[in-house]
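Chains, contacts and geometry: an overview
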Amino acid sequence: MLRVENLTKSFGGVTAVSGVSFSVEKGTIQAVIGPNGAGKTTLFNLITGVYTPSSGSIVFEGSEIGGVAPERLAKRGISRTFQNLQISMNLSAIDNVMTGAHLGLNSGVLAGMLGLTTLGGRERATRIRAAELMEFVGCGRYIDAEARSMPYGALKRLEIARALMAEPRILFLDEPAAGLNHTETHEIEELIAELGASGITVVLVEHDMKLVMNVSDRIVVLDYGKKLAEGTPEEIRVNPDVVAAYLGAESEGV
Amino acid sequence: MSQFLQLFFSGTTVGATYALAALGFSMIYNASGVINFAQGEFIMLGGMVAAVLSAAGVSLPLAILAAVVVVTLVGLLIEKLAIEPARDADITSIIIITIGVAMIVRGAVEVTLGKASHALPHFSGEKPIAIGGATLLPQSLWVMAVTTLVVVALALFFGRTRMGKGILATAHNRLAAQLVGVDVKKVLLASFGLAAALGAVGGILIAPIATTSYDAGLMLGLKGFVAATFGGLGSGVGAIAGGVLLGLIETMTAGYVSSAYKDAVPFVLVLVVLVVRPRGLFGLGSTDRV
Amino acid sequence: MTDVSSPPTLGRSSPDLAARALATAPAFRARHLPTLILVVVLAALPLVLPNAFYFDVAIRILANAVLAVALNLLIGYCGQISLGHAGFFGLGAYGSAILTTHWDWKAPTALVVSAAVVGLLAWLVARVILRLKGHYLAMATLGLGIIVTIVLTNEASLTGGPDGMSVGDFTAFGFRLYGERVWYWVFAGLLVVAVVLAGNLVESPAGRALRALHGSEVAARVVGIDTASFKTRVFVLSAVVAAIMGSLTAHYLGFITPQVASFHKSVELVTMVVVGGMASIWGSVFGAALLSLLPELLAKFEGFETIVFGLILVTTMIFLPRGIVPSIVARLTRKEG
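Residues numbered from 1 in each chain as written. Chains lettered and ligands numbered in written order. Predicted model: local features only at pLDDT ≥ 70, side-chain atom pairs only at ≥ 80, totals over all residues. Heavy atoms only, no water.

**So, the overall build of chain A**
- The number of helices and strands found in chain A is 10 helices and 10 strands.
- Relative to its length of 254 residues, chain A is compact, with a C-alpha radius of gyration of 19 Å against a globular reference of 18 Å.
- Based on the C-alpha atoms only, the size of chain A along its principal axes is roughly 60 × 40 × 35 Å.
- For chain A, the proportion of its 254 residues judged to be buried stands at 61%. (Helix = DSSP H or I, 4+ residues; strand = E, 2+ residues; numbered from the N terminus. Rg over C-alpha atoms; globule rule 2.2 N^0.38 Å. Buried < 20%, exposed > 50% of the residue type's maximum accessible area, 1.4 Å probe, protein only.)

Okay, structure coming up:
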């Protein structure tokens, strides 16, 4: 479904991602792991259009998407969450989630001004769907809350709900369990498993090794911007290069 | 050729004023990311206070000194009262606050000193000096000399003194600077004071040639901002280069193309710069981390 | 792909959930009651205003309010700053003035053409400068406004120079709009229309996209919101509104000077939006009323007007950063987190 070939990204003198290649099968859950600074978020940003590759290619369902703007990738069924939370704090929780359905609604400025977009049931249906998804991801108690009054953990889930509104074909989760306690992490783990079971392809970046090992079908390991290893959780667990890379960064909270 | 030389002299003279204004902008921008729309008022205030004191009989050197001190105090006051309380507000709010502060200063001057223009006596007489077919006012020499001195002094300040290095460090990385013990609040305060002093000096230097009135600050400030953007916001070298170049381009345009549109030049220039190379001649680019 | 009405594969639906969801939608009464009150007030006002002078003040407030509402869409909802909007106003005003006076065009045609030209100009400008951030955008819009003022001042043969030019009455379909009382109804009607349209927009998907864009541009982009296009559209819209108001104001006053496009005027407009309340339509109306009345109230204290203006700006930004109306509303309806 997704194939990354020889992807490289440099910022001035710093090469964040160098010659990375891997592929993601449809309907699987794939994790990208590596020590801090390995280039994982940069990789995500490249695939989701936030950055433009310096060289290499990204092919999604047969089309080259390297350098394509994020708003156009959304149309192809690519959704994502962010490592450092990108929530519109000036909006209510449910409004944030409803923006996820943007592409399915009439978003013309003139139509909006004339009040044409609230006629018919689409707006209502979208609102109800947003509430359902908020309940599904576990922040149902915040349906009538303002985004700025919600705790960190709930906001992380809100982002997932927003990403799910568009019924994506592939979902990129950037550190969904970061900053969460054990219970919350376990809930996220179950959530991801359920997403995978429903047929959505999931790619996640994550530091919590237990979660990664439990939930992933395949794992790609990055270190210093290069791919270090690729394989099933069992293969990765015993890979000596991976172990060595992590021993060097053991204090970074595994 | 003599016309070119004439234009070159006036261009460099006014450019030096822009350079000082631009330095003031860059300094505050560096310390806090704030664009101080009140910078022009510091320039105006310097010239006005000196002119009023001098007209009241105070000796010129004393009047100048007093003016610089007063304006510096005003700058410090503004930082304490208007900028510090709004530390966490977003860019739009802070820009608007500085616009509001500028209005207060301008209004206060209008009320206390009236709308008339004031002139400061030339520092060393008005007899023009003839060079290569063009005339140069002695005041112009003062402008260029003092500006050069100020620039050198600033370079020493930032390169050698503890406070100066602290300001630079804060500009590069606020958190890191705090961690090594730099008092960031004091840095911001000092930056405002310094920027005010710079503006005042610029205003005083140019006041004999250009006369000054309560609304002179707006245009001067805006052009100083343009110069800073042109040279690269946050870069000291850029501010000076931008200021002098802007003065030259403006004067040359007035001389060779059309004097009516002289004031439009800086703004056309800034639009071109913002489109082609937003970070200016010497500025550093920045990327947002997502 | 995004057919929301098809059976969901994730999450369970329940009538309880649906009810809670629909409760979050903006309440009908909250939305339409203020508009109704406005209509009643505007209809009743002519009965109380004693003479033409008061009508003139009312007209100024109404015109500024329309401008503020349009500008708020850009500044408050979209989060884009424009320090040169008076330039668009001036271009509309002078466009109408020049076309009707020098070339004998009919007033309505002149208005439409001026607005269209301003719209085109705004579109070109927006494409180029809206990718600039914060103070760079402020600088660019400011520069633009000042260039307009300088051009208007210098092209005296066309514009009458710094002393301005006179403008004929607005004649359309046999009607001649003349006098404060007649123009009052025109501007009052426009304000009601502006408030209704803006209110509709804010609650539509487009409005949600704009507000989301303000909060986090990258988040908006990944859900498919073309942020560049939205910002451009709102910029053009607010510019066209400014141009139309400029044309109408020119016909009403019968005379315009380049000062209408000045930086001072642009700052005044931004102040109305910011002090009244960013991202608040009624805040803009309130801000326009407050700041239009200020010169009248301070007429005795010449010179203090600037100081007071500045003080209002500074204190509001420090103590009520969201503006007066939103802060009051927030205090009255203390929401639970």
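**Structural notes on the overall build of chain B**
- Tallying secondary structure elements over chain B gives 11 helices and two strands in all.
- Counting helices and strands in the order they occur from the N terminus, chain B gives α-α-α-α-β-β-α-α-α-α-α-α-α.
- Among the 290 residues that make up chain B, the fraction classed as buried is 53%.
- Excluding contacts between residues fewer than 6 apart, the proportion of contacts in chain B whose partners are at least 24 apart in sequence is 76%.
- Looking at chain B as shown, the accessible area adds up to about 12100 Å², and 67% of this sits on carbon and sulfur atoms.
- One way to put it: in chain B the 16 positive side-chain charges average out to a point 10 Å from where the 12 negative ones average out. (Contact = heavy atoms within 4.5 Å. Areas by Shrake-Rupley, 256 points an atom, 1.4 Å probe, with all protein chains shown as cover. Lys, Arg positive; Asp, Glu negative; His and termini not counted. Charge placed at Lys NZ, Arg CZ, Asp CG, Glu CD.)

**Notes on unusual backbone geometry**
- One non-glycine residue, Asn-6 of chain A, adopts positive backbone phi at about 55 degrees.
- We note that Asp-104 of chain C has phi near 60 degrees; this positive angle belongs to a residue other than glycine.

**Considering the environment of Thr-212 of chain B**
All names here are of chain B.
- Of note, Thr-212 is situated in the loop between helix H8 (184-210) and helix H9 (216-231).
- According to the relative accessible area criterion, Thr-212 is buried, its value standing at 7%.
- In sequence terms Thr-212 and Thr-170 are 42 residues apart; their C-alpha atoms lie 35 Å from each other.
- Thr-212 has contacts with Met-44, Gly-47, Met-48, Ala-116, Ser-117 and His-118, leaving out every residue within four places of it along the chain.

**Focus on the sheet that holds strand S4 (residues 55-60) of chain A**
- Judged by pairing direction, the sheet is antiparallel, and its four strands sit side by side in the order S2-S1-S4-S5 (chain A) without closing on themselves. Where the open sheet ends on each side, the last strands, each with one partner, are strand S2 (14-24) and strand S5 (63-64) of chain A. (Pairing = 2+ DSSP bridges.)

**Some thoughts on the interface of chain C and chain A**
- At the interface, 45 residues of chain C touch 60 residues of chain A.
- Of the roughly 4700 Å² buried at the junction of chain C and chain A (both faces included), carbon and sulfur atoms supply 64%.
- Applying the counting criterion to the chain C and chain A interface returns three salt bridges.
- With a closest N to O distance of 3.7 Å, Asp-95 of chain A and Arg-211 of chain C form a salt bridge.
- Taken together, the links from chain C to chain A amount to seven residue pairs in polar contact (both at pLDDT 80 or more).
- Every element with two or more residues in the side of chain C that touches chain A is listed here: helix H1 (15-23), helix H8 (180-203), helix H9 (205-215), helix H10 (217-222) and helix H11 (227-253) of chain C.
- Examining the composition of the side of chain C that touches chain A, we find that eight residues originate from one element, H9 of chain C, more than from any other.
- Of the residues contributing to the side of chain C that touches chain A, the split by class is 23 nonpolar, 12 polar and 10 charged. (Buried area = accessible area lost by both parts, 1.4 Å probe. Salt bridge = Lys/Arg side-chain N within 4 Å of Asp/Glu carboxyl O. Polar contact = N/O pair within 3.5 Å; in protein donor to acceptor, adjacent residues only side chain to side chain. Nonpolar A, V, L, I, M, F, W, Y, C, P; charged D, E, K, R; others polar.)

**With respect to the sheet that holds strand S9 (residues 218-223) of chain A**
Residue and element names in this part refer to chain A.
- Spatially, S6-S7-S8-S3-S9-S10 is the arrangement adopted by the six strands of the open sheet, whose pairing is mixed. The strands lining the two open edges of the sheet, one partner per strand, are strand S6 (78-80) and strand S10 (226-231). Across the sheet, the mean angle separating the axes of adjacent strands is 20 degrees when strand polarity is ignored.
- Looking at chain direction, strand S3 (residues 29-33) and strand S8 (residues 201-205) are connected through four bridges and run parallel. Note that in S8 the partner of Ile-29 across the bridge is Val-202.
- Sitting on the sheet, helix H1 (residues 40-47) is in contact with S3, S6, strand S7 (170-174), S8 and S9, with an inclination near 150 degrees to S7. (Axes fitted to C-alpha atoms, helices over the stretch in contact; angles between N-to-C directions.)

**As for the pairing of S4 of chain A**
Residue and element names in this part refer to chain A.
- Bridge count for strand S1 (residues 2-11) against S4 is five bridges, and the pairing is antiparallel. The residue bridging Val-4 from the neighbouring strand is Ile-58, located in S4.
- The antiparallel pairing of S4 with S5 creates a hairpin that spans two residues between the two strands, and Glu-61 there sits at a positive phi of about 45 degrees.

**Things to note about the nonpolar core**
- Counting residues in each nonpolar core, the largest one holds 189 residues, and the members touching the most others are Phe-37 and Ile-97 of chain B together with Leu-83, Leu-142, Phe-187 and Ile-256 of chain C.
- Sequence-distant contacts of Phe-37 of chain B, that is, excluding residues within four places in its chain, are made with Phe-25, Ile-95, Thr-98, Ile-99, Ala-102, Leu-222 and Phe-225 of chain B together with Leu-83 and Leu-142 of chain C.
- Residues Ile-128, Met-165, Leu-195 and Val-202 of chain A belong to the second largest nonpolar core, which totals 57 residues. (Core = buried A, V, L, I, M, F, W, Y, C linked by side-chain atoms within 4.5 Å.)

**Concerning the pattern of salt bridges**
Residues and elements named next belong to chain A.
- Counting across every chain of the model gives 19 salt bridges over all chains.
- A salt bridge links Arg-157 to Glu-187; its shortest N-O distance comes to 2.5 Å. Pair noted here: Arg-157 is in helix H6 (residues 152-164) and Glu-187 is in helix H7 (residues 182-197), with a separation of 30 residues, a long-range link.
- When the shortest N-O distance is used, the salt bridge between Glu-230 and Arg-218 registers 3.8 Å. With Glu-230 in strand S10 and Arg-218 in strand S9, this residue pair connects regions lying 12 residues apart in the sequence.
- Under the relative-accessibility criterion, Glu-230 is labelled partly exposed at 27%.

**Here's the deal with H9 of chain C**
- Of all 11 residues in H9 of chain C, nine are buried, a share of seventy percent or more.
- Within the span of H9 of chain C, buried status applies to Pro-205, Ala-206, Gly-207, Arg-208, Ala-209, Leu-210, Arg-211, Ala-212 and Leu-213 of chain C.

**Quick word on the confidence of the model for chain B**
- Considering every residue of chain B, the mean pLDDT works out to 82; 97% of them sit at 70 or more.
- In the model output, the complex is listed with pTM 0.87 alongside ipTM 0.85. (pLDDT = per-residue confidence, 0-100.)

**Quick look at helix H11 (residues 264-276) of chain B**
- Taking 1.5 Å of rise per residue, the 13 residues of H11 of chain B would be expected to cover 18 Å, and the 18 Å separating its terminal C-alpha atoms lies within 8% of that figure.
- If you check which residues of H11 of chain B are buried, you get Ala-264, Val-265, Pro-266, Phe-267, Leu-269, Val-270, Leu-271, Val-273 and Leu-274 of chain B. (Expected span 1.5 Å × (residues − 1).)

**Considering the pairing of S8 of chain A**
All names here are of chain A.
- Across the five residues that make up S8, a large majority, five, are buried.
- Residue alternation in S8 divides its side chains into two sets, Thr-201, Val-203 and Val-205 and Val-202 and Leu-204, and both sets are buried.
- Of the strand pairs in this sheet, S7 and S8 are connected by five bridges, and their pairing is parallel. Following the sheet pairing, Leu-171 is matched in S8 by Val-202.
- As a crossover connection, the stretch from S7 through H7 into S8 is right-handed. (Right-handed = clockwise from strand over helix to strand, strands pointing away.)

**A short note on the packing of aromatic side chains**
Residues and elements named next belong to chain C.
- Applying the stated criterion to the full structure yields 14 aromatic pairs over all chains.
- Arranged with centres 5.6 Å apart and planes meeting at 90 degrees, the rings of Phe-55 and Tyr-184 form a pair that is edge-to-face. Taken together, the residues Phe-55 in helix H3 (residues 52-77) and Tyr-184 in helix H8 connect sequence positions 129 residues apart. The same class applies to Phe-55 as to Tyr-184, namely buried.
- Members of the aromatic cluster, joined through ring pairs, are Phe-170, Trp-183, Phe-187 and Tyr-252.
- Here the basic side chain of Arg-176 rests over the ring of Tyr-178, its NZ or CZ set 4.8 Å away from the ring centre. (Phe/Tyr/Trp six-rings, centres within 6.5 Å; stacked < 30°, edge-to-face > 60°. Lys NZ or Arg CZ within 6 Å of the ring centre and 35° of its normal.)

**What about the packing of helix H4 (residues 91-113) of chain B against helix H12 (residues 263-276) of chain C?**
- At a closest axis distance of 12 Å, the pairing of H4 of chain B and H12 of chain C adopts a crossing angle of 125 degrees. As judged from the angle between their axes, H4 of chain B and H12 of chain C are oblique. As for the relative orientation of H4 of chain B and H12 of chain C, their crossing is left-handed in sense. Across the interface between the two elements, Ile-96, Ile-99 and Met-103 of chain B of H4 of chain B pack against His-264, Val-267, Val-270 and Val-274 of chain C of H12 of chain C. (Parallel < 35°, antiparallel > 145°, perpendicular 65-115°, else oblique. Left-handed = near helix turned anticlockwise from the far one by under 90°.)

**Description of the side chain of Ser-191 of chain B**
Residue and element names in this part refer to chain B.
- For Ser-191, the position within the fold is in helix H8.
- Here Ser-191 falls in the buried class, since its relative accessible area comes to 0%.
- Not counting chain neighbours up to four residues away, the residues in contact with Ser-191 comprise Met-27, Ile-28, Ala-31 and Ile-167.

**Description of the environment of Gly-133 of chain B**
- Mapped onto the secondary structure, Gly-133 of chain B falls in the loop between strand S1 (129-131) and strand S2 (134-136).
- Residues Gly-133 of chain B and Met-163 of chain B lie 30 residues apart in sequence; the distance between their C-alpha atoms is 46 Å.

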